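Observations on chain architecture
Take a look at the letters that make up each chain.
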Amino acid sequence: MTITDIDVAKARAQTPGCERVLHFNNAGAGLLSRAVIETLTEHLRLESLTGSYEAQAAKADALQNVYASFAALLNCRADEIALTDGSTQAWHRAFHAVPLERGDRVLTASNEYNSNWLSLRRTCDRIGCSLEVVPNDVHGQLDVRALTNMLDDRVKLVAITHIATSNGMVNPVEAVGAALRGSNAIYLLDACQSVGQMPMDVERIGCDLLTGAGRKFLRGPRGTGFMYVRRSVLDRIEPAVIDIHAARWTGRDTYAWRADARRFEQMEFNVADRLGLGAAVDHALGWGVDAIEARILGLSTLLRKRLSELPGVEVRDQGTRPSGINTFTLAVRKAEDVMLKLRAQEINCSVTRIDWAWLDLEPRGITEMIRASLHYYNTEEEVERFVQAIARA
Ligand SMILES: Cc1ncc(COP(=O)(O)O)c(C=O)c1O
């Protein structure tokens, strides 16, 4: 089986890490491309030679272009993008901006990201809101009909995750958006694991807020994230924090928020990382996210097939639409031990435990799984080597 469209040899030549590791931990962090590495190091050199603020001023246009790159990636306007230091930070900025009152209802799904869930639970308990989990359908993905039946005027927020950290299933986010059309609820989508591995279009999805990380399938630097804020929702939400970048100090006792989504940012940020993030988005756009998805799906299909042929291995992902995240359980071996054994052979994967995903794993009777997350620079030969390593582990 060969999956073409992407020039894999070129992609690997542009990715120094490919020479050393078999990297199936792209849901943790993708390998950096040379373009990103050069952008990062070049800017650090510039800072050291000219001074940090002066280097930032010299890169003003390039920094501006990062917003335009995200706008192209997500099909939105550049002024609907805010850049952050990570996905959780972006999500919290979005969530804590939504006005919630005692008696309001908040809907989420069983694959909600763990940190999001903790924040939803704590905030709803504190305010006196009801936090409700939309049931899954027979495929294990959010049941849109059940969601529709749960909607009423008291539902103020629907916060769901596109692809979980613990399950390669892809939630039907466009159908959710269609179900919410006309409702008062704000739609917050955690797209941390989907952006960069599949085409994303906020108009088709219909979300009001969307958050993600730079380091995963976008292959950007660690400690980077982003937030999309639909222009029409800007006046219905208010950032929980304010600084001199998010707002203007207009008089002794007055201030005015910035007019755009950057009111969710703060003044200080790592300039090299942000430029590196822009280079990563441009790199993904250069390949084309459709081509990236097609290659990832081809490789994932092959991996799932080969793994399911191994005795004692059960592939666990749910849903009607697969992704680059592949999870499986082993009958007798501890997932952590297997992961470490593979790491000693320079084969990277990761482990998902129940205390990271109670809502997803407990009903399925799973306590731990191995997660193998693939990207377009991985190869069919690596899939085979990985399967053999699992068989031997
Ligand atoms: C679905 C999802 N959301 C959010 C996050 C958190 O991202 P960050 O570590 O950048 O805050 C992760 C990280 O694994 C994730 O998988």
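Scroll up for the structure.
Below: a short report on this structure.

What counts and what doesn't
Residues numbered from 1 in each chain as written. Predicted model: local features only at pLDDT ≥ 70, side-chain atom pairs only at ≥ 80, totals over all residues. Heavy atoms only, no water. Near = heavy atom within 4 Å. Polar contact = N/O pair within 3.5 Å; in protein donor to acceptor, adjacent residues only side chain to side chain. Areas by Shrake-Rupley, 256 points an atom, 1.4 Å probe, with all protein chains shown as cover. 1 Å grid on protein atoms, 1.4 Å probe; cavity = no way out; pocket = protein on both sides within 12 Å on 5 of 7 lines; lining within 4 Å. Sits in = over half its atoms within 2 Å of the grid points. Phe/Tyr/Trp six-rings, centres within 6.5 Å; stacked < 30°, edge-to-face > 60°. Helix = DSSP H or I, 4+ residues; strand = E, 2+ residues; numbered from the N terminus. Buried < 20%, exposed > 50% of the residue type's maximum accessible area, 1.4 Å probe, protein only. Lys NZ or Arg CZ within 6 Å of the ring centre and 35° of its normal. Arc of directions from axis to C-beta. Contact = heavy atoms within 4.5 Å. Pairing = 2+ DSSP bridges. Core = buried A, V, L, I, M, F, W, Y, C linked by side-chain atoms within 4.5 Å. Axes fitted to C-alpha atoms, helices over the stretch in contact; angles between N-to-C directions. Parallel < 35°, antiparallel > 145°, perpendicular 65-115°, else oblique. Left-handed = near helix turned anticlockwise from the far one by under 90°. Nonpolar A, V, L, I, M, F, W, Y, C, P; charged D, E, K, R; others polar.

The next thing to look at is the site of the ligand. As a structural note, the neighbourhood of the ligand is formed by 13 residues, with Thr-88, Asp-190, Gln-193, Arg-215 and Lys-216 the closest of them. Taking Thr-88, its side chain carries an N or O atom lying 2.5 Å from an oxygen atom of the ligand. A distance of 2.8 Å separates an oxygen atom of the ligand from a polar side-chain atom of Lys-216. Burial of the ligand by the protein chains amounts to 89% of its free accessible area of 400 Å². When atoms are counted within 2 Å of each cavity's grid points, the one that captures over half of the ligand is the largest pocket.

The relation between two aromatic rings is expressed through the spacing of the ring centres and the mutual angle of the planes. Applying the stated rule across the entire model yields 7 aromatic pairs. Residues Phe-70 and Phe-226 carry aromatic rings whose centres are separated by 4.6 Å and whose planes lie at 35° to one another, so their mutual orientation is tilted. Separated by 156 residues along the polypeptide, Phe-70 in helix H4 (residues 60-74) and Phe-226 in strand E8 (residues 225-229) bring together distant segments of the chain. In this pair, the class of Phe-70 matches that of Phe-226, namely buried. Relative to Phe-95, the ring of Trp-91 lies with its centre 5.0 Å away and its plane at 25°, an arrangement referred to as stacked. With Trp-91 and Phe-95 both in helix H5 (residues 87-95) and 4 residues apart, the pair spans about one turn of that helix. For the pair Trp-91 and Phe-95, one class covers both residues: buried. Ring-pair connections join several aromatic residues into one group, and the members of that group are Phe-24, Phe-328 and Phe-386. Over the ring of Phe-269 we find Arg-274; its NZ or CZ atom is 3.8 Å from the centre of that ring.

Of the positions making up helix H12 (residues 335-344), those classed as buried are Ala-335, Val-338, Met-339 and Leu-342. All buried residues of H12 project into a common sector of 100° when viewed along the axis, lining one side. Each element contacted by the buried residues of H12 is listed here: strand E12 (325-330), strand E13 (347-348), strand E14 (350-353), strand E15 (368-373) and helix H14 (380-392). Looking one or two residues beyond H12, the residue adopting positive phi is Glu-346, at roughly 60°.

This part takes up the pairing of E15. In terms of burial, E15 is largely enclosed, as 5 of its 6 residues are buried. The pairing of E12 with E15 spans 4 bridges and is classified as antiparallel. The residue bridging Thr-327 from the neighbouring strand is Arg-371, located in E15. Two strands pair when backbone bridges link them, and E14 and E15 are joined in this way by 4 bridges, in the antiparallel orientation. Counted as the bridge partner of Arg-353 is Glu-368 from E15.

Let us now look at the nonpolar core. Phe-70, Leu-74, Ile-160, Tyr-187, Val-195 and Leu-210 are the most contacted members of the largest nonpolar core, which has 59 residues in total. Non-local contacts of Val-195, meaning those with residues more than four positions away in its chain, are made with Leu-73, Leu-74, Met-200, Leu-210, Phe-217, Leu-218 and Phe-226. If you look at the next biggest cluster of nonpolar residues, it comprises 26 residues, including Trp-91, Phe-95, Ala-159 and Phe-264.

A few words now on unusual backbone geometry. Although it is not a glycine, Arg-219 sits at a positive phi angle of roughly 65°. Following the sequence through the fold, Arg-219 ends up in the loop between strand E7 (209-213) and E8. Given a relative accessible area of 3%, Arg-219 falls into the buried group. The backbone of Glu-346 sits at a positive phi, close to 60°, despite the residue not being glycine. Glu-346 sits in the partly exposed class, given a relative accessible area of 32%.

Looking down a regular strand, the side chains alternate between one sheet face and the other. The sheet contact formed by strand E9 (residues 247-251) and strand E10 (residues 254-257) spans 4 bridges and is antiparallel. Bridging from a neighbouring strand, Arg-248 pairs with Ala-256 of E10.

Relative to each other, helix H11 (residues 289-308) and H14 sit at 30°, their axes nearing to 10 Å. Classed by the angle they form, the pair H11 and H14 counts as roughly parallel. Where H11 crosses over H14, the two elements pack in a sense that is right-handed. Where H11 abuts H14, its residues Arg-295, Leu-299, Leu-302, Leu-303, Arg-306 and Leu-307 lie against Glu-380, Val-383, Glu-384, Phe-386, Val-387, Gln-388 and Ile-390. In terms of residue class, the contact of H11 with H14 is made up of 8 nonpolar, 1 polar and 4 charged.

Attention now goes to the sheet that holds E14. Pairing in this open sheet of 4 strands is antiparallel, and the strands run E11-E12-E15-E14 from one edge to the other. If you trace the sheet from one side to the other, it starts and ends with strand E11 (313-315) and E14, each paired once. Put simply, the sheet's adjacent strands are angled 35° from each other on average, direction ignored. Relative to E15, H12 is tilted by about 35°, and along the sheet it contacts E12, E14 and E15. Lying over the sheet, H14 contacts E11, E12 and E15, oriented at roughly 20° with respect to E12.

Our next topic: helix H8 (residues 173-180). If you check which residues of H8 are buried, you get Val-173, Val-176, Gly-177, Ala-179 and Leu-180. Across the axial projection of H8, the buried residues extend over an arc of 160°, all falling on one side. Considering only its buried residues, H8 is in contact with helix H7 (144-150), strand E5 (155-161), strand E6 (186-190) and helix H9 (202-205). The first or second residue beyond H8 is Gly-182, which carries a positive phi of 90°.

Honestly, it's all geometry; don't read function into it.
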